[in-house]
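Chains, contacts and geometry: an overview
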There are 2 protein chains.
Amino acid sequence: MTIREVAAIAGVSPAAVSRYLNGGSLSEAKRAQIRRAIEETGYHPSAAGQMLRTGRINQIGVIVPQINSESVGEVTAGVAEKLASSKYVMILGSCALNEETELEYLQSMQANHVAGIILMGTAYSPSHAEAFQRCRVPLVVTGQKFPGVHCVYHDDFGAARELAGHMIARGHRHLGYIGVNEEDPAVGLERRRGVQAAMEEAGMDPEGLARVAGTFDPKTGETGLLQLIRQDPSMNGIICATDKIALTTMQALKRLGRRIPEDCAVAGFDDNWAGTLSEPKLTTVHFYQKQCGTEAAAMMLDLLNNGAQTPVRQTKLGYTLVERSSI
Amino acid sequence: MTIREVAAIAGVSPAAVSRYLNGGSLSEAKRAQIRRAIEETGYHPSAAGQMLRTGRINQIGVIVPQINSESVGEVTAGVAEKLASSKYVMILGSCALNEETELEYLQSMQANHVAGIILMGTAYSPSHAEAFQRCRVPLVVTGQKFPGVHCVYHDDFGAARELAGHMIARGHRHLGYIGVNEEDPAVGLERRRGVQAAMEEAGMDPEGLARVAGTFDPKTGETGLLQLIRQDPSMNGIICATDKIALTTMQALKRLGRRIPEDCAVAGFDDNWAGTLSEPKLTTVHFYQKQCGTEAAAMMLDLLNNGAQTPVRQTKLGYTLVERSSI
DNA sequence: AATGTGAATGAAATCGTTTACAACAATGTT
DNA sequence: AACATTGTTGTAAACGATTTCATTCACATT
């Protein structure tokens, strides 16, 4: 089904159909005929023809560190939801946690003439900075605040500060922190710094924070806990960089015979569903991951419509403290 | 930089350059000239032109019911992993659980000339059957066994039978089943039938199974449990269609003061991570979701290479019973 | 009545590639 | 020597969309 055939059915020229689709001056009568013809035939314009003629393609590249992760799934769902009502489709590149792949996708997607790229950020290195600068299509980064690029990110620092402040206010003043790879600015650095900021505000020494840097693997909770106890045997409050780590930590604590939260409070980030099942239920922070995806997609659509030369936009999203019973 | 310019530099016709790139008969002399011209100019053929001319595009459409779900994420990751080492990229369509969108994507992706489509199956209706038959590009369905289409699916029936058999063998002979929408053949029907098959093998009346059909929402566990108890107050074993439902059911049972598994055993499907945290730990069935994705992608690549006219292939994947302490 | 304005319209050119076709040369076969 | 066979080569016609250009027409302004 080509634009010619549709035009023939509607009794107009192919140019008129193109104008109908892309917005050009057209009488209401023809508009109606064309609408009917398109509905009748289920015509969709060929991406190939469009791309050849315009040099652009109605596809937006989405680069994610891995797909099989809850937060990534939420963001992607948000992007998909927003894009569904646009003319753009989403082409997905998963890096399988390999950092080089991220930059390769950035390259190959541009070579494939995508209209724009949404990148779920993880680590930030000089080669990232260079690749971002060199990017010839609009680029939106989610989940991280990188300098000089359009971003939609979470208030990891604020969330951590409030969470830790809450824990301190409840009397847990010997804090421990189980973190992840600090090359990830948002999850690795900001959350830890937020905790330390809360300590400072409470008149405590931020360097007194017992801490270990693990990985995103939940097992980090178990191994991390043992290291933490060695660092500070009197520790009575643990904040973990993710709920998965926190839940594993809780299990390990229980095995050691400690009561939660009386002997030691625990908290995490992400509002994982499993946190509603544990005993006690996990206090955590809810981030608006799906909204992050829709915001990023909206920003991208705006960039594509109004030209990419606008000043750098960096949107910070809020969070909600979810108080349950582990503090 | 177009094929014409390269041809001019090499002193040959554009056709010769095309033959050089795609493998046609060509003298060694011209071959060398063209090689030099291409290296000199850094020419790369335009995907748009190729696509338009050949009608094919190096993209594989993946249609999923929703992205933000663990099993979908796993399958998608498997597909992505396999595709990464091929020349194809993945274009993702998420249906947001809307069944019509599924068929719309099937349409629009074909209109966009994708090379093939991988569809994560959910419901199966006459309009699905028709759309599948009418599909002009290779189609692989995952997670469901539909007649007449290439499929990669799980042994839901066998898994349910073994799981229920296990429960019966441990003395839980008054069974209840909390299911989901039975328009989903795999999760809705096969799992329930497997349970009933096990009952029959144990000399029980399969119609004696107390059962309710809920939704994928975990809350189904709570509401379903109450209905089940009303149907059969002496019930001492519950099988749930998913782990999420099972975990909620366990919570509700505990609130009613029942001991698990002494008063009532519980089991689910999917090997959700949360099942390792609950008290008691959840007995479940592990399906190989990621493998399902890689197998489907491998099948697709094979179909694309060796022509789609091969007989219908339906690959059944295995499962592993994960015995923990809820039975 | 003459002129200017702007919207509506279709014909035709264009994008970069592949490939059917025909032409040709070089070789082997009778 | 005539003929078939094989392998190289270039020409030109697609593929399906967008967009420039020129034309028409209706209406408002002088």
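All of the points below concern the structure found in this document. Just so we're clear, the structure is a prediction, and the values are computed from it rather than from any experiment.

**Some remarks on the sheet that holds strand E6 (residues 175-179) of chain A**
All names here are of chain A. Ordered in space as E7-E6-E8-E9, the four strands form an open sheet in which the pairing is parallel. Across the chains shown, the open sheet's two edge strands, defined by having one partner strand only, are strand E7 (210-213) and strand E9 (265-267). On average, each strand axis in the sheet is inclined to that of its neighbour by 15°, with strand direction left out of account. Relative to E7, E6 is paired through four bridges, and the arrangement is parallel. By the bridge assignment, Ile178 is partnered in E7 with Val212.

**Focus on the protein's contact with DNA strand C**
Taken together, 26 residues form the shell around DNA strand C, and within it A:Arg19, A:Ser25, B:Ile3, B:Tyr43 and B:Arg53 come nearest. Within the contact set of DNA strand C, a phosphate oxygen lies 3.3 Å away from a side-chain nitrogen or oxygen of A:Ser25. Within the contact set of DNA strand C, a phosphate oxygen lies 3.5 Å away from a backbone nitrogen or oxygen of A:Leu26. Looking at the surface near DNA strand C, the element that brings in the most residues is helix H4 (residues 47-54) of chain B, giving five residues.

**Some thoughts on the relation of the copies chain B and chain A**
For the match of chain B to chain A, the screw axis carries a shift of 1.6 Å, the RMSD comes to 2.6 Å, and the turn is 180°. Seen this way, the second copy is the image of the first under a two-fold rotation axis. Identified as the residue of chain B closest to the rotation axis by C-alpha distance is B:Ile91, at 1.7 Å. A high fraction, 88%, of the interface residues of chain B reappear at the interface in chain A, so the copies pair face to face through one surface.

**Concerning the protein's contact with DNA strand D**
Taken together, 24 residues surround DNA strand D, and among them A:Ile3, A:Arg53, B:Arg19, B:Ser27 and B:Arg53 come closest. A:Ile3 is positioned such that a nitrogen or oxygen atom in its backbone is 2.3 Å from a phosphate oxygen of DNA strand D. Interatomic distance of 3.3 Å between a side-chain N/O atom of B:Lys30 and a phosphate oxygen of DNA strand D. Sorting the residues of the surface near DNA strand D by element identifies helix H2 (14-22) and helix H4 (47-54) of chain A together with helix H2 (14-22) and H4 of chain B as the ones contributing at least two each. Its residues assigned to classes, the surface near DNA strand D comprises ten nonpolar, ten polar and four charged.

**Comments concerning the interface of chain B and chain A**
By a frequent convention, interface size equals the accessible area lost on bringing the separate parts together. Counting residues at the interface gives 34 residues for chain B and 34 residues for chain A. Both sides of the chain B and chain A interface together cover about 3,000 Å² of buried area, and 68% of this is carbon and sulfur. When residues of chain B are sorted by the area they lose upon contact with chain A, B:Asn68, B:Trp273 and B:Leu277 head the list and together hold 19% of the total. At the junction of chain B and chain A, the tally comes to zero salt bridges. The tally of links between chain B and chain A comes to seven residue pairs in polar contact (both at pLDDT 80 or more). When contributions to the side of chain B that touches chain A are tallied by element, the ones reaching two or more residues are H4, helix H5 (70-84), strand E2 (89-94), helix H6 (99-111) and helix H11 (243-255) of chain B. Take the side of chain B that touches chain A: its biggest share by element is six residues, from H5(B). By residue class, the composition of the side of chain B that touches chain A is 17 nonpolar, 13 polar and four charged. Pairing of strand E2 (residues 89-94) of chain A with E2(B) involves three bridges; the strand directions are antiparallel.

**Quick notes on a negative patch on the surface**
Residues A:Glu99, A:Glu100, A:Glu104 and A:Glu183 make up a contiguous surface patch of negative charge. Relative accessible area serves as the criterion here: at 34%, A:Glu99 is assigned to the partly exposed category.

**Let's talk about the nonpolar core**
Ranked by internal contacts, the top residues of the largest apolar core, which has 92 residues, are A:Val195, A:Ile238, B:Val195 and B:Ile238. Those residues within four positions of B:Ile238 in sequence are excluded, and the remaining contacts are B:Met167, B:Gly176, B:Ile178, B:Leu225, B:Leu228, B:Thr249, B:Leu253, B:Cys264, B:Ala265, B:Val266 and B:Ala267. A:Leu83, A:Ala296, B:Ile67 and B:Leu317 belong to the second largest nonpolar core, which has 50 residues in total.

**Here we look at the pattern of salt bridges**
All names here are of chain A. Under the defined criterion, the tally for this structure stands at 26 salt bridges over all chains. We note a salt bridge from Arg255 to Glu222, for which the minimum N-O separation is 3.4 Å. Of this pair, Arg255 sits in helix H11 (residues 243-255) while Glu222 sits in helix H10 (residues 220-231), and the two are 33 residues apart along the sequence. Among the residues examined, Arg255 registers a relative accessible area of 55% and is labelled exposed. Taking the relative accessible area as the measure of exposure, Glu222 reaches 36% and is therefore partly exposed. Each of Asp156, Arg191 and Asp270 takes part in a single network of salt bridges with overlapping partners.

**A word on the packing of helix H1 (residues 3-10) of chain A against helix H3 (residues 28-41) of chain A**
Residue and element names in this part refer to chain A. Contact geometry for H1 and H3: axes closest at 9 Å, N-to-C directions at 125°. Taken together, the axes of H1 and H3 are oblique relative to one another. In this structure, H1 crosses over H3, and the sense of that crossing is right-handed. In this structure, H1 uses Val6, Ile9 and Ala10 to contact H3, whose residues at the interface are Gln33, Ile34, Ala37, Ile38, Glu40 and Thr41.

**Observations concerning helix H12 (residues 289-305) of chain B**
Between its terminal C-alpha atoms H12(B) stretches 25 Å, which fits the 24 Å expected from 17 residues at 1.5 Å a residue. Residues of H12(B) that are buried include every one of B:Gln289, B:Cys292, B:Gly293, B:Thr294, B:Ala296, B:Ala297, B:Met299, B:Met300, B:Leu301 and B:Leu303, and no others.

Thresholds, definitions, all that
- Residues numbered from 1 in each chain as written.
- Chains lettered and ligands numbered in written order.
- Predicted model: local features only at pLDDT ≥ 70, side-chain atom pairs only at ≥ 80, totals over all residues.
- Heavy atoms only, no water.
- Pairing = 2+ DSSP bridges.
- Helix = DSSP H or I, 4+ residues; strand = E, 2+ residues; numbered from the N terminus.
- Axes fitted to C-alpha atoms, helices over the stretch in contact; angles between N-to-C directions.
- Near = heavy atom within 4 Å.
- Polar contact = N/O pair within 3.5 Å; in protein donor to acceptor, adjacent residues only side chain to side chain.
- Least-squares fit on C-alpha atoms with pLDDT ≥ 70 in both.
- Contact = heavy atoms within 4.5 Å.
- Nonpolar A, V, L, I, M, F, W, Y, C, P; charged D, E, K, R; others polar.
- Buried area = accessible area lost by both parts, 1.4 Å probe.
- Salt bridge = Lys/Arg side-chain N within 4 Å of Asp/Glu carboxyl O.
- Patch = residues over 30% accessible without salt bridge, like charges linked within 9 Å, V, L, I, M, F, W, Y side chains within 5 Å.
- Areas by Shrake-Rupley, 256 points an atom, 1.4 Å probe, with all protein chains shown as cover.
- Lys, Arg positive; Asp, Glu negative; His and termini not counted.
- Charge placed at Lys NZ, Arg CZ, Asp CG, Glu CD.
- Buried < 20%, exposed > 50% of the residue type's maximum accessible area, 1.4 Å probe, protein only.
- Core = buried A, V, L, I, M, F, W, Y, C linked by side-chain atoms within 4.5 Å.
- Parallel < 35°, antiparallel > 145°, perpendicular 65-115°, else oblique.
- Left-handed = near helix turned anticlockwise from the far one by under 90°.
- Expected span 1.5 Å × (residues − 1).

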